[in-house]
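# Chains, contacts and geometry: an overview
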Amino acid sequence: MRKKIVAGNWKMNKTLQEGIELVKELTTVLANEKPNCDVVICTPFIHLASVAPTLKGTVMELGAENCADKASGAYTGEVSAAMVASTGAKYVILGHSERRAYYHEHAELLRDKVQLALANGLTPIFCIGEVLEDREAGEQEEVVHEQISNSLFDFSPEDFAKIVLAYEPVWAIGTGKTATAEQAQEMHAFIRKAVATKYGKEIADNCSILYGGSCNPKNAKELFANPDVDGGLIGGAALKCADFKGVIDGFNA
Ligand code: PGA
């Protein structure tokens, strides 16, 4: 059975104190009302070690927003997958469109990052998604297929099965312009089919595919109701307790 996951991506927001405050608020509301999905909080590197103890014993897991493409050594300013794992984090977002666009992260580099994440026991949340021009040209499927196959399809079935996918149409990220439930379902079904073609039906059926891009308490329920949408990767709405809880409630009957 594939996991249902709501993961928050704080991006470059919140001081350490603000972050801990938010986690405490979430701990209280989620203890009172158990979520019907796994909940992951992905924070800036510098917050991980301090946030980890506050998440202990809660239903929430911790994740990073990135990791280095090298194992260790003279790479000033970088943070390795082993360092991320040593904080207690279990997940790492890789291939986010902001990393691809602003930091020029390409398919081969992302493959290396995924490999290091897996080698250190982290679950990669691997992001894929087309830009507006791709969609207007009707090329969203080709673009997304290429992103997955170029970075992930060299992995063994055992390794691929450990990866969570996040479909995030770039035109929907932070824009308030959400993909419709139909658009999301169509792309998620396409992605699952591509995984099935490469790795077989069982691995595809067990692969969690999250939707990301202006997901909020108002639209989460409709998005998550789709058979191939297994949860969300949440940016803006992960920054306030009530909003994030509202998204998590998208999985409540
Ligand atoms: P958003 O971001 O929810 O603010 O659109 C999602 C993401 O970038 O992961």
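Use the structure listed above.
Right, let's walk through the structure included here.

Cut-off values and rules
Residues numbered from 1 in each chain as written. Predicted model: local features only at pLDDT ≥ 70, side-chain atom pairs only at ≥ 80, totals over all residues. Heavy atoms only, no water. Helix = DSSP H or I, 4+ residues; strand = E, 2+ residues; numbered from the N terminus. Buried < 20%, exposed > 50% of the residue type's maximum accessible area, 1.4 Å probe, protein only. Contact = heavy atoms within 4.5 Å. Areas by Shrake-Rupley, 256 points an atom, 1.4 Å probe, with all protein chains shown as cover. Near = heavy atom within 4 Å. Polar contact = N/O pair within 3.5 Å; in protein donor to acceptor, adjacent residues only side chain to side chain. 1 Å grid on protein atoms, 1.4 Å probe; cavity = no way out; pocket = protein on both sides within 12 Å on 5 of 7 lines; lining within 4 Å. Sits in = over half its atoms within 2 Å of the grid points. Arc of directions from axis to C-beta. Expected span 1.5 Å × (residues − 1). Pairing = 2+ DSSP bridges. Axes fitted to C-alpha atoms, helices over the stretch in contact; angles between N-to-C directions. Phe/Tyr/Trp six-rings, centres within 6.5 Å; stacked < 30°, edge-to-face > 60°.

## Details of the overall build of the chain
Along the chain, the regular secondary structure elements total 12 helices and eight strands. Dimensions of the chain, computed from C-alpha atoms along their principal axes, come out at roughly 50 × 45 × 35 Å. The burial tally for the chain puts 53% of its 253 residues in the buried class. For the chain, contacts bridging at least 24 residues in sequence account for 72% of all contacts bridging at least 6. For the chain, the computed accessible surface area is about 11500 Å², with 52% contributed by carbon and sulfur atoms.

## A short note on the site of the ligand
Close to the ligand lie 13 residues; K11, H96, E168, G174 and S214 are nearest. H96 places a side-chain nitrogen or oxygen 2.6 Å from an oxygen atom of the ligand. With respect to the ligand, the side chain of E168 contributes an N or O atom lying 2.6 Å from an oxygen atom. Protein chains bury 96% of the 280 Å² of accessible surface belonging to the ligand in isolation. Taking a 2 Å distance to the grid points as the criterion, the majority of the atoms of the ligand fall inside the second largest pocket.

## Some details on helix 2 (residues 45-55)
Of all the residues in helix 2, the buried ones are H47, L48, V51, A52 and L55. What you see down the axis of helix 2 is that its buried residues fit within an arc of 140°, all on one side. In helix 2, those exposed residues whose orientation departs by more than 90 degrees from the buried face are I46, A49 and P53. Those residues of helix 2 that are buried are in contact with helix 1 (16-32), strand 2 (38-43), strand 3 (60-64) and helix 3 (81-86). A positive phi of about 80° marks G57, the residue just after helix 2.

## Quick look at helix 5 (residues 107-119)
Taking 1.5 Å per residue, 13 residues should reach 18 Å; helix 5 reaches 18 Å between its end C-alpha atoms and fits that length. Regarding helix 5, the residues found buried are A107, L109, L110, K113, V114, L116, A117 and L118. Considering only its buried residues, helix 5 is in contact with helix 3, strand 4 (91-94), helix 4 (97-102), strand 5 (123-128), helix 7 (140-152) and helix 8 (157-160). Where helix 5 ends, the next residue or the one after it, G121, has phi of about 80°, a positive value.

## What to know about the sheet that holds strand 3
One closed barrel holds the eight strands; their spatial order is 1-2-3-4-5-6-7-8, and the pairing between them is parallel. With strand direction ignored, the average angle separating the axes of adjacent strands in the sheet is 25°. Note: strand 1 (residues 5-9) against strand 2, five bridges, orientation parallel. Note on strand 2: the bridge partner recorded for A7 is V40. The sheet strands contacting helix 1 are strand 2 and strand 3, and the helix crosses strand 3 at an angle near 150°. Against the sheet, helix 5 engages strand 4 and strand 5, with an angle of about 160° to strand 5.

## Observations concerning the packing of aromatic side chains
Taken as a whole and judged by the stated rule, the model has four aromatic pairs. The interplanar angle of 80° and the centroid separation of 5.6 Å between the aromatic rings of F153 and Y199 together place this pair among those described as edge-to-face. Within this pair, whereas F153 is found in the loop between helix 7 and helix 8, its partner Y199 is found in helix 9 (residues 181-199), the two being separated by 46 residues in sequence. Residue classification places F153 among the buried positions, given a relative accessible area of 11%. Taking relative accessible area as the criterion, Y199 reaches 12% and is therefore assigned buried. Clustering of aromatic rings is evident, with ring pairs tying together F153, F160 and Y199.

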